[in-house]
Structure formats: C-alpha cells, structure tokens
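Structural overview
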Amino acid sequence: MRLFINIFIIAVIVFLAAVIVYKSFKKEQQGRCAACDLDCPAKKLANNLPKNSVYFKKEIK
C-alpha cells in the first residue's frame, strides 16, 4: 500500500512539473518570457522608463 501511495505522489509531482514546463514553452513560442505574468523588478523598471529613453531607440547602422 505504501508503494502505491509513493508512486502516486511521485506521479503527481512529475505531472505538475511537466505542465509548468509545457506552459513555459508555449509562452516562449508566443514571444513572451515565462515570467511575464509575474510582477518582477525588471518588468517594473521597463514600465517606468520614459518612451524616449536610449533603451527604446534603435541603432542606426
């Protein structure tokens, strides 16, 4: 009985990890990073930059 419970717990953990990896790859194919849904410091910084900032200008070659 213990063996079946352990196998079930391991299967649930592996399934949830696979779902997270699948969602990550799906978002990556859409051109977004996996953390775009989060409110991370890099996203806050990018949102607070003025639109005429050097970081938004394209290089002219």
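Here's what I pulled together on the structure shown here. None of these values were measured; they are calculated from a predicted model.

A count of helices and strands for the chain gives two helices and zero strands. For the chain, the residues scored as buried account for 3% of the 61 residues in total. By element, 68% of the accessible surface of the chain is carried by carbon and sulfur atoms, the whole surface being about 6,200 Å².

A cluster of nonpolar side chains, namely M1, F4, I5, F8, I9, V12, I13, F15 and L16, defines an oily patch on the protein surface of about 1,000 Å² accessible area. Within the fold, I9 resides in helix α1 (residues 2-29).

What counts and what doesn't
- Residues numbered from 1 in each chain as written.
- Predicted model: local features only at pLDDT ≥ 70, side-chain atom pairs only at ≥ 80, totals over all residues.
- Heavy atoms only, no water.
- Helix = DSSP H or I, 4+ residues; strand = E, 2+ residues; numbered from the N terminus.
- Buried < 20%, exposed > 50% of the residue type's maximum accessible area, 1.4 Å probe, protein only.
- Areas by Shrake-Rupley, 256 points an atom, 1.4 Å probe, with all protein chains shown as cover.
- Patch = residues over 30% accessible without salt bridge, like charges linked within 9 Å, V, L, I, M, F, W, Y side chains within 5 Å.
- Salt bridge = Lys/Arg side-chain N within 4 Å of Asp/Glu carboxyl O.

Geometric values such as these leave the question of function open.
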